[in-house]
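So you can see what is in the structure, the chains are spelled out below.
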Amino acid sequence: MAQATIRSEDTNVFPRFLDLAYPSIERGKGVWLETSGGERILDACSGGAMVACLGHGVAEIADAAAAQAEQIAYFYNHHFTSQPQEQLADRVIELIPEMARVKFASGGSEANETAVRLARTYHVDRGQPDRWRIISPAQAYHGSTLGTLALSGRRRSLQDPYAEYMPAYLHIPPSTPRFDPTGEAALEALDQALKEVGPDTVSAFFCEPVSAAALPGYSPPDRFWHGLAERREKHGFVICFDEIVTGMGRAGTWLAAHQLPIEPDIVTIGKGLGAGYTPLAAILCREHIYDALAEGSAEFDLGHTWDGAPLPCAVGLAVLDYIVRNKLVDRVRERGPRLLEQLRDGLRDSRIVGEVRGRGFLLGVELVDPRDGKSFLPHGLDVASQVDDTAFELGLLVSSTNSTQDGFAGDEVLLAPAFTSTDAELDEMIERFKATIEAVEKAVEKKL
Ligand code: PLP
């Protein structure tokens, strides 16, 4: 039998934690992962990164990949286009009709960097070359390339020791219920930032409309979105939404933006578009963005090798067909509120659980210090890792973050099950998670 756990001294792979033994996953079916030793893990996080929204091992997606690979897998889209790329763009625009054009990329960081360049090119082509700055809320995640890392506003938990490479973007505090429940403080900070640098130097406001791992399930109050739209109107910057996680149905609508009182100019989508069967992401923009380039330089250069290649686009088409045919976005929208209620009920008596929030199948649990029921837990305890490890021992995959050092969020846990999870599987996820939190709570209380 193959080894179920690979130790660092037995591998040539460069892992995330150099001293950790990693379980080796051999197969997956639906929401179950199976190690090479035969242990089964219930996947409450769509492969761990909110990707595998159809579950694992869907044969028709694998078949679509094989058929396209046999026909033609790859060519560079600087030279040609293909039916899969054209059709996938058409389908995306049918579902998200307020957007006019689609550009494909391989992953979220690439798509977000492209969005930053697209916003900049829009302004340059309209004769406003001084607009380059980006303003974004802190406590976000937009990717791990140097450009996207700079957007996150998480100096201590993410950017160090690479901060010297970061472009000088501006950050405002997130308007979370803990610090700014009305959104007014964030708007004031936005006004201050615009004043400080001069609004005519600002290219874009960049944010997650509903946050993923950094503040799972959180979205600013409506007042913030209204205020942001007013400032766009007044100052002429564009709004980019990072929907790498929330796009394609995770929040219960095709875009999370569809639930908010604001329309972004540029949106990035990813994860669920390829559903874990191919690396795939996309940048969508509204007509006025595209027109500015069409009437300006008529060029948007600098892409990535796999942008719009036939293989990933054919897989994306099969994924989209599957989501539509099985009405999975409806399922997420209808089942999400009850899932949130179940999670809240299950955690009601926990002393280390603060806020439990969510939209659709994107759920977040804020952990707090049980001594007062509201402060962040001591950073050094790294309770986030304890949650992930304990869940794993109980046969459950969830994903937690700890960015206490940055001051805007403490330990947060994310659950993002596949859209195809059955009711029984969702119940089992809640049960295992409840048991996880109970065990972590006991262990934490002993250490405080
Ligand atoms: N944006 C968000 C909201 C994400 O959660 C992620 C990844 O988790 C990214 C961007 C980066 O995507 P990728 O890892 O595919 O570059």
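Keep in mind that what you see is a predicted model, and the values were worked out from it rather than measured. (Residues numbered from 1 in each chain as written. Predicted model: local features only at pLDDT ≥ 70, side-chain atom pairs only at ≥ 80, totals over all residues. Heavy atoms only, no water.)

Asker: Can you help me understand the pairing of strand E12 (residues 281-285) in this one?
Answerer: Strand residues, when the strand is regular, have side chains that alternate between the two faces of the sheet. Most of E12 is tucked away, with five of its five residues classed as buried. The two faces of E12 match: Ala281, Ile283 and Cys285 on one face and Ala282 and Leu284 on the other face are all buried. Two strands pair when backbone bridges link them, and strand E6 (residues 101-105) and E12 are joined in this way by five bridges, in the antiparallel orientation. Residue pairing for E12: Arg101 is matched across the bridge by Cys285. Of the strand pairs in this sheet, strand E11 (residues 266-269) and E12 are connected by four bridges, and their pairing is antiparallel. Pairing of Val267 across the sheet is with Leu284, part of E12. (Buried < 20%, exposed > 50% of the residue type's maximum accessible area, 1.4 Å probe, protein only. Helix = DSSP H or I, 4+ residues; strand = E, 2+ residues; numbered from the N terminus. Pairing = 2+ DSSP bridges.)

Asker: Any chance you could explain the pairing of strand E13 (residues 353-359) here in plain terms?
Answerer: Inspection of the sheet shows E13 paired to strand E14 (residues 362-367) by five bridges, in the antiparallel sense. Bridged to Gly358 within E14 is Leu363. The turn linking E13 back onto E14 is made up of two residues, and Gly360 within it adopts a positive phi angle of 55°.

Asker: What exactly am I supposed to notice about empty space enclosed by the protein here?
Answerer: Empty pockets left among the atoms are what a rolling probe the size of a water molecule brings to light. By the definition in use, this model includes two cavities of 30 Å³ or more. Put simply, the largest cavity is a space of about 130 Å³. Contributing to the lining of the largest cavity are 18 residues, with Pro137, Cys207, Glu208, Tyr218 and Pro220 lying nearest its centre. Across the lining of the largest cavity, the residue classes break down as 14 nonpolar, three polar and one charged. Lining the second largest cavity, in full, are Leu339, Leu363, Leu415, Pro417, Leu426, Met429 and Ile430. Within the lining of the second largest cavity, the residues separate by chemical class into seven nonpolar, no polar and no charged. (1 Å grid on protein atoms, 1.4 Å probe; cavity = no way out; pocket = protein on both sides within 12 Å on 5 of 7 lines; lining within 4 Å. Points joined across faces, edges and corners; volume = space filled by probe spheres on them. Nonpolar A, V, L, I, M, F, W, Y, C, P; charged D, E, K, R; others polar.)

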